[in-house]
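Per-entry structural report
Each chain is listed here by its residues.
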Amino acid sequence: MTDTPPSVVIEGLSKKFDGPDGKPFAAIDDITLSIRPGTLTAFVGPDGAGKTTLMRMMAGLLRPDTGTLRVLDTDLRTDPQSVQNRISYMPQRFGLYEDLSIQENLDLYADLHGVPLDVRKERFARLLAMTDLAGFTTRPAGKLSGGMKQKLGLACTLVRVPDLLLLDEPSVGVDPLSRRDLWQIIEQLIEEEGLSVIVSTAYMDEAERCDQVFVLNRGMKLAEGTPAELTKRAQGLTYVVTPDAGVPARDLQARLIDAPDLVVDAVPSGGQVRFIRRPDCDEAGFAQLLHDCAPEPREEELEDAFMLLLRQHDEAVQGSAITPLAAGTVAPPSNGNGNGPVILVRDLVRRFGDFTAVANTSFDVRRGEIFGLLGPNGAGKTTTFRMLCGLLPATSGELQVAGVNLRKARAAARARIGYVAQKFSLYSNISVYENLDFFGGAYGLRGSRRRDRVREIIRQFDLDPDAQSGNLPLGYKQRLAMAAGLLHEPEILFLDEPTSGIDPLARRAFWRTITSLSQSGVTIVVTTHFMEEAEYCDRIAIQDAGHLLALGTPREVRERSGLRAGHMNEAFIAIVEQARAAEREGQEAA
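An unreviewed UniProt entry lists the protein chain under the name ATP-binding cassette domain-containing protein, from Novosphingobium mangrovi.

Given below as structure tokens:
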């Protein structure tokens with residue numbers, strides 16, 4: 001094994017593109033690294049770090065401008081085809097043919113890769129068993145849940161056994177159960193087939209599974225090492241603090257994250273706040289920031305080191321500490337409902353033909369509350385969400401939003417709510433200002449009122465009014481979508497997986513904005529696959545197969561799962577699996 005050359009050798013690699021303003025920028029800037037064969041390697045970094053560009057160059061889809069790139073001991077500049085014949089690459093948006101069945105997709109990719117017919121039967125059976133798709137081979141790909149689509153994409157990538165597997169953020173947009181299943185498949189392939197795997201990811205718990213991790217930012221390599229080696233960089237700087245009684249953990253987190261000269265990062269967790277102290281912070285200022293709350297040291301994690309590296313690099317480039325984006329004050333109109341629920345759901349049902357997507361669901365949401373709607377792919381949460389927004393009529397049940405009966409007056413309710421879709425849904429070919437001006441008119445804003453609101457929201461969200469919307473980085477597209485949803489100052493804001501595919505840095509800025517909105521009285525309803533984001537919520541509901549499985553504060557939901565401590569990820573998985581096991585037992589008994 002010691003004589004086996006590295007899977008990838010990169011020396012002085014650079015790649016430039018023309019930016020939206022016509023000026024070239026370095027997507028990859030003089031990177032040098034080496035990847036051992038038979039290992040699981042992670043590229044981590046924020047949006048625009050260069051992860052996808054690096055992946056595409058290793059796959060032979062982009063040609064480097066300068067530097068050396070050898071993959072599987074072959075120079076990609078001179079012989080890209082021979083490398084492509086030995087690797088498999090799964091991009092972020094893997095191209096499944098949605099009109100074709102699972103089996104037909106597998107057959108098509110086997111044809112494209114020239115997999116011999118006598119090899120296919122055994123290979124397909126193995127992949128279908130590993131991905132748990134064997135019982136669905138005739139189902140069209142377009143009818144699969146997000147998690148099943150990702151697993152089918154991985155199976156199609158692996159119809160041949162590659163010498164190197166490249167996975168570009170394979171678990172974006174899938175729930176914790178599907179993410180766990182996907183990683184079990186990857187680790188099984190490494191163990192049984194000796195695959196070399198390189199993965200880019202926004203999840204630090206995924207990077208912790210890897211043999212070596214490369215941290216990228218602004219096209220540059222900031223650090224490399226094993227997860228344990230990198231984690232040590234945050235040693236002695238990590239703490240946990242409990243807020244005063246009655247103070248939401250997210251409010252204390254907002255106060256900490258608003259002091260970048262003292263605190264590197266802060267996140268709510270289990271009713272407490274986990275934070276990273278700056279190595280050079282002022283002792284007196286630090287004590288004053290925490291008021292009477294006493295911090296306790298905690299064990300550092302890989303995400304702590306990741307955030308520390310990013311902050312240090314960004315500050316070196318920018319020249320000063322970065323202040324996170326916070327929303328301005330929003331004063332939503334009162335619906336005369338006092339302290340009563342602003343959303344009321346009773347026995348809500350939605351059927352599509354014989355299929356019941358949502359079954360007898362009941363809950364309410366209070367004014368100024370952040371309410372999380374969670375569930376696996378295909379659980380019915382998106383259907384529930386769309387009914388709450390007035391985008392989909394209910395089959396039966398009672399549904400009131402902002403004091404309006406949605407079953408009778410959906411248009412009246414929609415005037416009082418804002419909506420941010422999971423996918424960027426604004427006009428890509430016009431400027432930021434033009435998008436906001438258009439949506440201001442669509443929301444009924446006129447004349448100077450509209451002009452003033454557009455200018456104010458642009459300032460509030462730190463947007464470039466002249467930038468073409470489609471050319472914005474993912475994090476700024478999300479800011480623009482949020483700004484459009486808040487133009488008419490709604491009293492309720494619906495956010496459908498708004499941070500899907502966004503790195504931890506951008507997620508912190510996003511949630512700082514949400515906390516500010518909540519403090520000003522806006523009610524937030526959010527769906528998310530990041531279970532850490534449930535910790536920002538006052539209450540969460542977990543759905544599966546159309547049924548409500550759990551409802552309560554994050555602490556109550558953890559206790560419901562049997563896990564009084566630990567990550568919400570484990571609590572979510574436990575609750576869903578317990579419900580599914582009970583359902584199976586009931587079916588067997590019947």
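1. Observations concerning the overall build of the protein chain
Each helix and strand in the protein chain was counted, giving 19 helices and 24 strands. A globule of 590 residues ought to have a C-alpha radius of gyration of about 25 Å, and the protein chain, at 25 Å, matches this closely. Across its three principal directions, the C-alpha atoms of the protein chain cover 75 × 65 × 50 Å. Relative to its full complement of 590 residues, the protein chain shows a buried share of 55%. Contacts spanning at least 24 positions in sequence make up 70% of the contacts within the protein chain whose residues lie at least 6 apart. Per element, the accessible surface of the protein chain, about 25100 Å² overall, is 47% carbon and sulfur.

2. Examining the layout of surface pockets
Volume-wise, the second largest pocket comes out at about 760 Å³. Along the wall of the second largest pocket there are 36 residues; nearest its centre are Asp-205, Glu-301, Glu-303, Glu-532 and His-567. Looking at the lining of the second largest pocket, the elements with two or more residues in it are helix H6 (176-193), helix H7 (204-207), strand S12 (263-269), strand S13 (272-277), helix H11 (302-318), helix H17 (504-519) and helix H19 (568-589). When its residues are assigned to classes, the lining of the second largest pocket shows 15 nonpolar, four polar and 17 charged.

3. Considerations on the environment of Pro-46
Here Pro-46 lies in the loop between strand S3 (40-44) and helix H1 (51-58). A relative accessible area of 5% places Pro-46 in the buried class. Sequence separation of Pro-46 and Pro-504 is 458 residues, and the distance between their C-alpha atoms is 7.2 Å.

4. Observations concerning the side chain of Arg-350
Position of Arg-350 relative to the elements: it lies in strand S15 (residues 341-352). For the buried Arg-350, which has no salt bridge, the nearest side chain bearing the opposite charge is Asp-354, at an N-O separation of 13 Å. A distance of 2.6 Å separates a polar side-chain atom of Arg-350 from the backbone oxygen of Pro-393. Look past the residues within four positions of Arg-350 in its chain and what remains in contact with it is Phe-355, Thr-356, Ala-357, Val-358, Thr-383, Met-387, Leu-392, Pro-393 and Thr-395.

5. Some thoughts on the pairing of S12
In terms of residue burial, S12 counts as a mostly covered element, since seven of its seven residues are buried. Sheet analysis places S12 next to S13, joined by six bridges and oriented antiparallel. Each residue of the ladder has a partner; that of Val-267, found in S13, is Arg-274. From the end of S12 to the start of S13, which pair antiparallel, there are two residues, and Gly-270 there has a positive phi angle of about 60°.

6. A few points about the sheet that holds strand S17 (residues 370-374)
Across the sheet, six strands lie side by side as S20-S21-S22-S17-S23-S24; this open sheet has mixed pairing. Pairing within the sheet leaves two strands with one partner each, and these edge strands are strand S20 (417-420) and strand S24 (547-552). When the angles between neighbouring strand axes are averaged without regard to direction, this sheet yields 15°. The sheet contact formed by S17 and strand S22 (residues 523-527) spans four bridges and is parallel. Directly across from Phe-371, in S22, lies its bridge partner Val-525. In the packing of helix H18 (residues 554-561) onto the sheet, the strands contacted are strand S23 (539-544) and S24, and the crossing angle to S24 comes to about 125°. Packed onto the sheet, H19 meets S17, S23 and S24 and runs at close to 40° relative to S23.

7. Describing the confidence of the model for the protein chain
Predicted confidence across the protein chain gives a mean pLDDT of 87, with 95% of residues reaching 70 or more. Looking at the elements of the protein chain, mean pLDDT is at its lowest for helix H13 (residues 410-414), recorded as 74, and at its highest for helix H8 (residues 227-231), recorded as 97.

8. Concerning empty space enclosed by the protein
The full count for this structure, using the stated rule, is four cavities of 30 Å³ or more. Size it by volume and the second largest cavity reaches roughly 50 Å³. In terms of lining residues, the second largest cavity is bounded by Gly-173, Val-174, Tyr-203, Glu-497, Thr-499, Ser-500, Thr-528, His-529 and Phe-530. Here the lining of the second largest cavity is composed, by residue class, of three nonpolar, five polar and one charged.

9. As for the pairing of S3
Here S3 lies mainly inside the structure; five of its five residues are buried. Here S3 shows no split at all, with Leu-40, Ala-42 and Val-44 on one side and Thr-41 and Phe-43 on the other all buried. With five bridges connecting them, S3 and strand S8 (residues 196-201) associate as parallel partners. Bridging from a neighbouring strand, Phe-43 pairs with Ser-200 of S8. Pairing of S3 with strand S9 (residues 212-217) involves four bridges; the strand directions are parallel.

10. Some details on the packing of aromatic side chains
One pass over the full model with this rule turns up 13 aromatic pairs. Ring geometry for Tyr-239 against Phe-275: centres 5.6 Å apart, planes inclined by 15°, an arrangement best described as stacked. A residue pair is termed long-range when its members are at least 10 positions apart, and Tyr-239 in strand S11 (residues 238-241) and Phe-275 in strand S13 qualify at 36 residues. Each member of the pair Tyr-239 and Phe-275 is classed as buried. Ring plane angle 90° and centroid distance 5.3 Å describe the contact between Phe-438 and Phe-439, whose orientation is recorded as edge-to-face. Owing to a relative accessible area of 18%, Phe-439 belongs among the buried residues under this scheme. A network of ring pairs unites the aromatic residues Tyr-239, Phe-275 and Phe-286 as a single cluster. Positioned above the aromatic ring of Phe-352, the side-chain terminus of Arg-350 is 4.5 Å from the ring centre.

11. Concerning the sheet that holds S15
Each strand in a sheet pairs with its neighbour through backbone hydrogen bonds, running either in the same direction (parallel) or in the opposite one (antiparallel). Judged by pairing direction, the sheet is antiparallel, and its four strands sit side by side in the order S16-S15-S18-S19 without closing on themselves. Every other strand in the sheet has two partners, leaving strand S16 (355-366) and strand S19 (404-405) as the edge strands with one partner each. Pairing of S15 with S16 involves eight bridges; the strand directions are antiparallel. Paired with Leu-348 across the two strands is Thr-361, which belongs to S16.

12. Brief notes about the packing of H11 against H17
Close contact between H11 and H17 brings their axes to 10 Å; oriented N to C, the two are set at 85°. Here H11 lies roughly perpendicular to H17, going by the angle between them. Between H11 and H17, the residues in contact are Glu-303, Phe-306, Met-307, Leu-310, Arg-311 and Asp-314 and Pro-504, Leu-505 and Arg-508, respectively. Broken down by class, the residue content of the contact of H11 with H17 amounts to five nonpolar, no polar and four charged.

What counts and what doesn't
- Residue numbers here run from 1 along each chain, matching the order of that chain's written sequence.
- The predicted nature of this model means local features are confined to residues of pLDDT at least 70 and side-chain atom pairs, given and counted, to a pLDDT of 80 or more, with totals for whole chains, interfaces and linings taken over all residues.
- For side-chain calculations, the full set of non-hydrogen atoms in the structure is used, while hydrogens and water are omitted.
- Segments assigned H or I by DSSP are reported as helices when at least four residues long, segments assigned E as strands when at least two residues long, and all are numbered from the N terminus.
- Each radius of gyration is computed over the set of C-alpha atoms, and the globule rule expresses the reference value as 2.2 Å times the number of residues to the power 0.38.
- Think of it in three bands: residues with accessible area under 20% of the maximum for their type are buried, residues over 50% are exposed, and the middle band is partly exposed, with areas taken using a 1.4 Å probe on protein chains only.
- Note on definitions: a residue-residue contact is assigned when non-hydrogen atoms from the two residues lie within 4.5 Å.
- The method behind every accessible area is Shrake-Rupley, applied with a 1.4 Å probe, and residues are considered shielded solely by the protein chains displayed.
- Computed over the protein atoms alone on a 1 Å grid, cavities are sets of points where a 1.4 Å probe fits but cannot get out and pockets are open sets with protein on both sides within 12 Å along at least five of seven lines; a residue lines them when it has an atom within 4 Å of a point.
- Grid points are joined across faces, edges and corners, and a volume is the space filled by probe spheres set on the points.
- Classification used: nonpolar for Ala, Val, Leu, Ile, Met, Phe, Trp, Tyr, Cys and Pro, charged for Asp, Glu, Lys and Arg, polar for all others including Gly.
- Asp and Glu count as negative and Lys and Arg as positive, but His and the ends of the chain are not part of the count.
- Here a salt bridge means any side-chain nitrogen of Lys or Arg lying within 4 Å of a carboxyl oxygen belonging to Asp or Glu.
- Side-chain atoms alone can form a polar contact between residues adjacent in sequence; in general such a contact is a pair of N or O atoms within 3.5 Å, and within protein one must be able to donate a hydrogen while the other accepts it.
- Here, a strand pair is defined by DSSP locating no fewer than two bridges between the strands.
- Every axis corresponds to a line fitted to the C-alpha atoms, with the helix fit spanning only the stretch in contact, and the corresponding angles, defined between N-to-C directions, vary from 0 to 180 degrees.
- Every residue carries a pLDDT, the predictor's confidence in it, which falls somewhere between 0 and 100.
- Classification of ring pairs rests on two measures: the distance between centres of Phe, Tyr or Trp rings, Trp counted by its six-membered ring, which must be within 6.5 Å, and the angle between planes, read as stacked under 30 degrees, edge-to-face over 60 and tilted in between.
- By definition here, charges over rings are those cases where NZ of Lys or CZ of Arg is within 6 Å of the ring centre and within 35 degrees of the ring normal.
- Note on terminology: angles under 35 degrees are roughly parallel, angles over 145 are roughly antiparallel, angles of 65 to 115 are roughly perpendicular, and the others are oblique.

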